Amino acid sequence: MIYLQLLVSFIKIGLFSFGGGYAMIPLIQREIESHGWLSASEFVDIIAIAEMTPGPIAVNSATFVGYKAAGILGGMVATIGVAIPSLLLILIVSKYFFKFQDHPANKMIFYGIRPVIVGLILTAAIFVAQTTFFKQDITINLSCIFKNQLSIIDLKSMVIFAFTLAALIKFKLNPILMIVVSGILGLLMSYHEIFY
Amino acid sequence: MKNKSQLKLLLEIFTVFFKIGSFTFGGGYAMIPLIEKEVVENKKWVAEEEVVDVFAVAQSMPGAIAINSATFIGYKISGKKGSLVATIGVILPSFFIITLIAVFFSRFQDTPVVKAVFSGIRPAIVGLISVAAIKVGKASIVDNTGILLSILSVILVVIFDVQAIFVILGGAAVGLAIYCLFPERTAKILSNGGNKG
């Protein structure tokens, strides 16, 4: 019974969240609360864990909630549930997308959409940068930024960011290798904090 | 013979998306650099300028962007089976990792080593996504209208907190308006070929 509940809840979450993983979090919270699957502190953990593990946030949180509510099978059911709407909807859309791909009206629609997507990709970079380059929360006010500019900027991450840009543009390093190397760099740079 | 080569292709799709799923940290857009490398450059399954279309569709539909784009690319490469295999591939790594964490390390995110590793990965992700934006931009912005639309959408989302889906619909409306109102300009844009379908 709980499996069916998990399946239905996560199909609902997959179906009604626009804008990717983070947009799902409030929906997941509502389902968890109405069924009492997790405690409030466990829910906060999900977000941290989902960010720190690879893969889509939607899948990470579905697996985690499902497991906490009903074990490994629960995790499986919730994950399948969150993926089903995407799978079906995208299948329907792609069929028509490829059919009308060459129609001039469609081409012009994408002429308008493509630059927007480029903007959205930049936006994603900006949002990650906000949580990365500043030591405090970004909701600090402007005067505070001007007063002690240097002390709130996390120099370590700026160095790694510059290194990444150079490696990607100059040497066309593979992104996967890049992630592994930067993880090791992060570990080395915090070495003294961990072991002393 | 045909079945065998299709099976091989499906296996390849699975492997590539499993790899992408294993290294996508921080949400759907972090997938773009990996898709660029694996799907566009290495396998040549999707052309550079089509990556944007994939994300346009993935963003406009409900659900996780990563799942949507995996399904879409999988469908493009090898139909329904391709989409199923790509989706399973992108999901499985997270499923395994999260299950392991949920079973064994309940305080995973507070471990100093994990924190240190992520203090390194996060800025790299910023770099990866920025470079991807430039690459995708080069392939998909063909004129000043495009530059303007890009800047406008960043401002709308970052400063005015407008939801992505509405900005996308706005872009579509601009394209459609040019199509309906300025046939000459439309012909010029389409004949330039810089904006391949």
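Preceding this paragraph is the structure being described.
Residues numbered from 1 in each chain as written. Chains lettered and ligands numbered in written order. Predicted model: local features only at pLDDT ≥ 70, side-chain atom pairs only at ≥ 80, totals over all residues.

J.: Just give me the short version of helix α3 (residues 40-52) of chain A, but keep the residues and values in it.
T.: In a regular helix each residue adds 1.5 Å, so 13 residues correspond to 18 Å; α3(A) covers 19 Å between its end C-alpha atoms and thus fits that length. D45(A), I46(A), I49(A), A50(A) and M52(A) are the residues of α3(A) that are buried. Viewed along the axis of α3(A), the buried residues span an arc of 155°, placing them on a single side of the element. Projecting away from the buried face of α3(A) at angles above 90 degrees are the exposed residues A40(A) and V44(A). Looking at the buried positions of α3(A), the neighbouring elements they touch are α4 (57-100) of chain A together with α4 (65-104) and α5 (112-140) of chain B. (Helix = DSSP H or I, 4+ residues; strand = E, 2+ residues; numbered from the N terminus. Expected span 1.5 Å × (residues − 1). Buried ≥ 20, exposed ≤ 12 C-beta atoms within 10 Å, placed from the backbone. Arc of directions from axis to C-beta. Contact = placed C-beta atoms within 7 Å.)

J.: Describe the nonpolar core, listing the residues and the values that go with them.
T.: With 116 residues, the main nonpolar core has V65(A), I117(A), I121(A), A125(A), I32(B), I125(B) and I129(B) as its most contacted residues. Residue contributions to this core peak at 19 residues, all from α4(B). With residues near it in sequence (within four places) discarded, A125(A) still touches V126(B), I129(B), S130(B) and A133(B). (Core = buried A, V, L, I, M, F, W, Y, C linked by C-beta atoms within 7 Å.)

J.: Describe unusual backbone geometry, with residues and values.
T.: Phi at K44(B) is positive, roughly 55°, even though this residue is not glycine. Within the secondary structure, K44(B) is located in the loop between α2 (31-42) and α3 (48-60).

J.: Got a sec to walk through the interface of chain B and chain A? Specific residues and values, please.
T.: Facing the 95 residues of chain B at the interface are 87 residues of chain A. Elements supplying a minimum of two residues to the side of chain B that touches chain A: α1 (2-23), α2, α3, α4, α5, α6 (144-158), α7 (164-181) and α8 (183-192) of chain B. Of the residues that constitute the side of chain B that touches chain A, the class distribution is 60 nonpolar, 30 polar and five charged. (Nonpolar A, V, L, I, M, F, W, Y, C, P; charged D, E, K, R; others polar.)

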